Amino acid sequence: MSVEEEVKQIIRRITRKPDAEIAPESTFADLKADSLDIVQVMAAIEEKYDIELQEEALQHVKNLGGFIAFVEKAVADKG
Amino acid sequence: MRLTGAMEKRFEDKVALITGGSRGIGRVIALKLAAEGADVAIGYYRKKSAAAAAVEELEALGARALAVKADLAEPEKIVELFDGVRERFGRLDVLVSNAATGVARKAMELTDRHFDWTMNVNARAFLLCAQQAVPLMPNGGRMIAISSLGSRLVTPVYAAVGVSKAALEGLTRYLAVELAPRGIAVNAIAAGAVESEALRLYAGRLDLPKPPVPPAGRMVLAEDIADLAAFLASDAAEMIRGQTIVLDGGMSLTQAQAPSEAEEPREPARAPEGGLDHE
């Protein structure tokens with residue numbers, strides 16, 4: 001499974017939203033995800049890929065598509 | 001950093017575990033105990049690089065050190081944390097339950113998930129850690145829970161954390177009595193506003209006014225908590241059982257306490273709610 005699919009799966013599990021809502025142009029706000037959801041999503045992704053995500057970098061992420069790209073880069077950087 | 005008593009070696013040949021020990025108050029407690037001779041394990045939630053840095057600092061003090069990633073909301077992760085301590089050190093003399101998290105909302109705006117998450121990390125984890133710790137603890141073992149004045153004073157958007165800290169203090173009393181026959185002393189420290197990363201985060205994100213300076217003339221520092229934790233972990237504290245020691249520079253004795261409801265943060269409903277990572 002690709003990083004994109006796995007990240008979507010994690011978001012789906014934690015926010016309890018259907019597939020259709022986990023779209024690239026959606027935002028965490030659209031999903032009504034609160035800060036606890038976001039912390040748990042980040043923690044689950046970090047656990048999955050053994051990486052460390054910086055919250056500060058999230059400020060530049062506009063939507064889920066951007067978030068997935070952010071995670072893909074972190075995974076790639078780890079090698 | 002002030003490490004009073006650094007020349008003393010009260011914890012030589014002892015092993016300490018500090019949950020949330022990679023950053024903030026937990027890190028300072030870990031360094032204090034290491035400076036006094038303890039080997040130290042730290043639990044951390046997310047910040048692997050901070051945990052690695054803390055391990056380096058601990059080793060520089062001459063301690064054997066171990067960092068274990070553990071989401072304390074998950075009971076099986078707590079078991080893994082103690083598996084790590086058992087495998088590396090084979091024993092545990094001092095447990096410091098320091099990790100804390102929270103969702104900063106008014107009580108009426110909390111969901112069951114917010115409440116459960118906060119309670120699980122801040123209070124239930126202490127119970128589960130204590131259950132795991134006891135088989136590793138010899139006579140003379142110590143458990144110290146890090147609480148806060150929010151357990152008894154009402155602070156804006158602190159309901160979930162404050163209630164979890166009240167539970168932590170109650171649990172401290174029960175464990176103190178139940179574990180007394182095994183020679184294990186259990187106590188808690190309730191700190192006032194501590195000059196720390198977590199306070200800056202909490203106050204900054206929620207636009208809270210700066211906490212007042214307590215009668216003692218300065219803010220409480222992480223080092224003050226570390227000094228008290230080290231005392232409670234020492235042989236000198238043997239007869240202190242089940243107590244919650246207030247460490248606030250006298251703040252709770254005056255009316256200059258945390259901001260009142262009238263001074264609640266602006267736009268609380270839109271304020272970011274999380275942020276107090278449990279490490």
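Rules used throughout
- Residues numbered from 1 in each chain as written.
- Chains lettered and ligands numbered in written order.
- Predicted model: local features only at pLDDT ≥ 70, side-chain atom pairs only at ≥ 80, totals over all residues.
- Helix = DSSP H or I, 4+ residues; strand = E, 2+ residues; numbered from the N terminus.
- Buried ≥ 20, exposed ≤ 12 C-beta atoms within 10 Å, placed from the backbone.
- Contact = placed C-beta atoms within 7 Å.
- Nonpolar A, V, L, I, M, F, W, Y, C, P; charged D, E, K, R; others polar.
- Core = buried A, V, L, I, M, F, W, Y, C linked by C-beta atoms within 7 Å.
- Expected span 1.5 Å × (residues − 1).
- Arc of directions from axis to C-beta.
- pLDDT = per-residue confidence, 0-100.
- Pairing = 2+ DSSP bridges.
- Axes fitted to C-alpha atoms, helices over the stretch in contact; angles between N-to-C directions.
- Parallel < 35°, antiparallel > 145°, perpendicular 65-115°, else oblique.
- Left-handed = near helix turned anticlockwise from the far one by under 90°.

## A look at the overall build of chain A
Part 1 of the reasoning: Per the secondary structure count, chain A includes 4 helices and 0 strands.
Part 2 of the reasoning: Mapped in sequence order, the helices and strands of chain A form the string α-α-α-α.
Part 3 of the reasoning: For chain A, the residues scored as buried account for 20% of the 79 residues in total.
Part 4 of the reasoning: Of the contacts formed within chain A by residues at least 6 apart in sequence, a portion of 62% connects residues at least 24 apart.

## Concerning the interface of chain B and chain A
Part 1 of the reasoning: In this assembly, 14 residues from chain B lie in contact with 7 residues from chain A.
Part 2 of the reasoning: Contributions of two or more residues to the side of chain B that touches chain A are made by helix 2 (48-60) and helix 4 (112-133) of chain B.
Part 3 of the reasoning: Looking at the side of chain B that touches chain A residue by residue, the classes come out as 4 nonpolar, 4 polar and 6 charged.

## A short note on the environment of Ala133(B)
All names here are of chain B.
Part 1 of the reasoning: Examined against the element boundaries, Ala 133 turns out to sit in helix 4.
Part 2 of the reasoning: As for Ala 133 and Glu 74, which are separated by 59 residues in sequence, their C-alpha atoms are 16 Å apart.
Part 3 of the reasoning: If we ignore the near neighbours within four places in the chain, the residues touching Ala 133 are Phe 82, Leu 92, Leu 95 and Met 143.

## A closer look at the nonpolar core
Residues and elements named next belong to chain B.
Part 1 of the reasoning: Of all hydrophobic cores here, the largest spans 102 residues; its most connected members are Leu 33, Val 40, Ile 225 and Ala 229.
Part 2 of the reasoning: Ranked by the residues each element gives to this core, the list is headed by helix 4, at 9 residues.
Part 3 of the reasoning: Val 40 has contacts with Ala 16, Ile 18, Ala 30, Leu 33, Ala 34, Leu 58, Ala 63 and Ala 65, leaving out every residue within four places of it along the chain.

## So, helix 4 (residues 64-78) of chain A
Residue and element names in this part refer to chain A.
Part 1 of the reasoning: The terminal C-alpha atoms of helix 4 lie 21 Å apart, and with 15 residues this matches the ideal 21 Å at 1.5 Å per residue to within 8%.
Part 2 of the reasoning: Looking only at helix 4, the buried set comprises Leu 64, Phe 67, Ile 68 and Val 71. Looking straight down helix 4, one finds its buried side chains confined to an arc of 100 degrees; they lie on one side. Facing away from the buried surface of helix 4 by more than 90 degrees, the exposed residues are Lys 73, Ala 76 and Asp 77.
Part 3 of the reasoning: On its buried face, helix 4 sits against helix 1 (3-15) and helix 2 (35-49).
Part 4 of the reasoning: Phi turns positive, to about 80 degrees, at Gly 79, one or two residues after helix 4.

## A closer look at the confidence of the model for chain B
All names here are of chain B.
Part 1 of the reasoning: Looking at chain B, the pLDDT average stands at 89 and 85% of residues meet or exceed 70.
Part 2 of the reasoning: In the predicted structure, residues 259-277 sits below a pLDDT of 50 and forms 42 contacts with residues beyond four places in sequence or in another chain.
Part 3 of the reasoning: Scoring of the predicted complex yields 0.89 for pTM and 0.85 for ipTM.

## Focus on the environment of Arg124(B)
Part 1 of the reasoning: With respect to the secondary-structure elements, Arg124(B) resides in helix 4.
Part 2 of the reasoning: Sequence separation of Arg124(B) and Leu168(B) is 44 residues, and the distance between their C-alpha atoms is 8.0 Å.

## Topic: the sheet that holds strand 3 (residues 65-69) of chain B
Residues and elements named next belong to chain B.
Part 1 of the reasoning: With respect to topology, 7 strands assemble into an open sheet ordered 3-2-1-4-5-6-9, the strand pairing being parallel. Among the strands making up the open sheet, the edge pair consists of strand 3 and strand 9 (244-247). Pairs of neighbouring strands in the sheet enclose a mean axial angle of 20 degrees, with direction left out of account.
Part 2 of the reasoning: Examined bridge by bridge, strand 6 (residues 185-191) and strand 9 share 4 bridges and lie parallel to one another. Within strand 9, the position partnered with Ala 191 by the bridge is Leu 247.

## Quick notes on unusual backbone geometry
Part 1 of the reasoning: The phi torsion at Arg16(A) lies on the positive side, around 60 degrees, for a residue other than glycine.
Part 2 of the reasoning: Counting through the fold element by element, Arg16(A) comes out in the loop between helix 1 and helix 2.
Part 3 of the reasoning: The exposed category is assigned to Arg16(A), around which 12 C-beta atoms lie within 10 Å.
Part 4 of the reasoning: Within the chain, Asp13(B) stands out as a residue other than glycine whose phi angle is a positive 65 degrees.

## A short note on the packing of helix 4 of chain B against helix 5 (residues 159-179) of chain B
Residues and elements named next belong to chain B.
Part 1 of the reasoning: For the pair helix 4 and helix 5, the least separation of the axes is 9 Å and the interaxial angle reads 20 degrees. Taken together, the axis directions place helix 4 and helix 5 in an arrangement best described as roughly parallel. At the point where helix 4 passes helix 5, the crossing takes the right-handed sense. For the pair helix 4 and helix 5, the contacting residues are His 114, Phe 115, Thr 118, Met 119, Asn 122, Ala 123, Phe 126, Leu 127 and Ala 130 in the first and Ala 160, Val 161, Ser 164, Lys 165, Ala 167, Leu 168, Leu 171 and Leu 175 in the second.
Part 2 of the reasoning: Tallied by class, the residues present in the contact of helix 4 with helix 5 amount to 12 nonpolar, 4 polar and 1 charged.

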